[in-house]
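Coordinate analysis (summary)
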Amino acid sequence: MSDGFRILEDLIRLTNMRHGVIASNIANVDTPNYKAREVKFGQIFEGMELKATNPKHLKNSYQDLSGEIVTKTTQEGVDKNNVNLDTEVAKMTENAMLYQAGISMLSIKIRMFKNALRR
Amino acid sequence: MNSFIVFEISASALGAQGQRMNVIASNMANAHSTRTQEGGPYRRKDVVFSSVVLDSCPGEFKGVKVVDIATDNTPFKMVYDPGHPDADKDGHVAMPNINIIEEMVNMMMASRAYEASVSTFNMSKAMFMKTLELGRL
């Protein structure tokens, strides 16, 4: 139908996964030897081009957005734990806003299709 | 990924920090207890946290659990107080190895971690409520 749904689906899926990872970092803020992790997003905009009906047109080839969980290598404290509570809370807020933006856009997209069907 | 994992993770952190708070409260309350059931003055206790994979969680999402309540074996503080019933023949009393300042700092850290988990919980709830709105346009 349209790549928009796939892009939004991936965005929502990955921000949800990132929320889980941030939640486990916050839960383990005082656990000795725990290493903070983060979700690195793949290249969402790589090759995100428009449909080509003419060789001069740009191409549209959306690839699934991938998320990779990596261990952070920031400065460790004496208990060999490298979770920074302030950073994690800030990232959680940012991530939740991104998630809600994804949901809002998906909602608008569904409304657009509904309107188109009604007329 | 089970969508409700975040709630379990936050709940495990709230439980663990709550237990830490109990231990700190017990340390503070017994800062001057010279007699215990085990005999001798009260010894400071501390919680040991460990990250755990929760039952319904895949490996990447870890909760936290109190695996042990350890006893601090640092020496007792010797206070000169000849009038105390537990004073030895030189007039010294063995007082618990508790430093109130240290306990206060621990308490603040526990409270901050607890608050962070509460806000994670609320944030997760807000995200889910927003998702539920998708159905009703």
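Now for a quick tour of the structure.

Definitions and cut-offs
- Residues numbered from 1 in each chain as written.
- Chains lettered and ligands numbered in written order.
- Predicted model: local features only at pLDDT ≥ 70, side-chain atom pairs only at ≥ 80, totals over all residues.
- Heavy atoms only, no water.
- Contact = heavy atoms within 4.5 Å.
- Buried area = accessible area lost by both parts, 1.4 Å probe.
- Salt bridge = Lys/Arg side-chain N within 4 Å of Asp/Glu carboxyl O.
- Core = buried A, V, L, I, M, F, W, Y, C linked by side-chain atoms within 4.5 Å.
- Buried < 20%, exposed > 50% of the residue type's maximum accessible area, 1.4 Å probe, protein only.
- Helix = DSSP H or I, 4+ residues; strand = E, 2+ residues; numbered from the N terminus.
- Polar contact = N/O pair within 3.5 Å; in protein donor to acceptor, adjacent residues only side chain to side chain.
- 1 Å grid on protein atoms, 1.4 Å probe; cavity = no way out; pocket = protein on both sides within 12 Å on 5 of 7 lines; lining within 4 Å.
- Points joined across faces, edges and corners; volume = space filled by probe spheres on them.
- Nonpolar A, V, L, I, M, F, W, Y, C, P; charged D, E, K, R; others polar.

1. What to know about the interface of chain B and chain A
On the side of chain A, 32 residues touch chain B, which itself brings 31 residues to the contact. Summed over both sides, the interface between chain B and chain A buries roughly 2700 Å², with carbon and sulfur atoms accounting for 68% of that surface. The interface formed by chain B and chain A holds two salt bridges in total. A salt bridge links Arg20(B) to Asp30(A); the shortest N-O distance between them is 2.8 Å.

2. With respect to the nonpolar core
Ile9(B), Phe49(B), Phe61(B) and Val64(B) are the most contacted members of the largest nonpolar core, which has 22 residues in total. Contributions of two or more residues to this core are made by helix H1 (3–27) of chain A together with helix H1 (5–29), strand S1 (45–53) and strand S2 (62–71) of chain B. Here this core gets seven residues from one element, more than from any other, and that element is H1(B). Counting residues in hydrophobic clusters, the runner-up holds 20 residues, among them Leu11(A), Ile22(A), Val83(A) and Tyr99(A).

3. Quick look at the side chain of Lys72(A)
Residues and elements named next belong to chain A. Relative to the elements of secondary structure, lysine 72 occurs in the loop between strand S2 (67–71) and helix H2 (85–118). A relative accessible area of 12% places lysine 72 in the buried class. Of note is the side chain of lysine 72, whose polar atom sits 3.0 Å from the side chain of glutamate 88. Among residues more than four places away in sequence, those in contact with lysine 72 are Ala36, Arg37, Glu38, Asn82, Glu88 and Lys91.

4. So, the layout of surface pockets
The calculated volume of the largest pocket comes to roughly 220 Å³. In terms of lining, the largest pocket is formed by Val29(A), Asp30(A), Gly77(A), Val78(A), Asp79(A), Asn81(A), Val83(A), Asn84(A), Leu85(A), Met109(B), Arg112(B) and Ala113(B). Looking at the lining of the largest pocket, the element that brings in the most residues is helix H2 (residues 100–132) of chain B, giving three residues. For the lining of the largest pocket, the class distribution of residues is six nonpolar, three polar and three charged.

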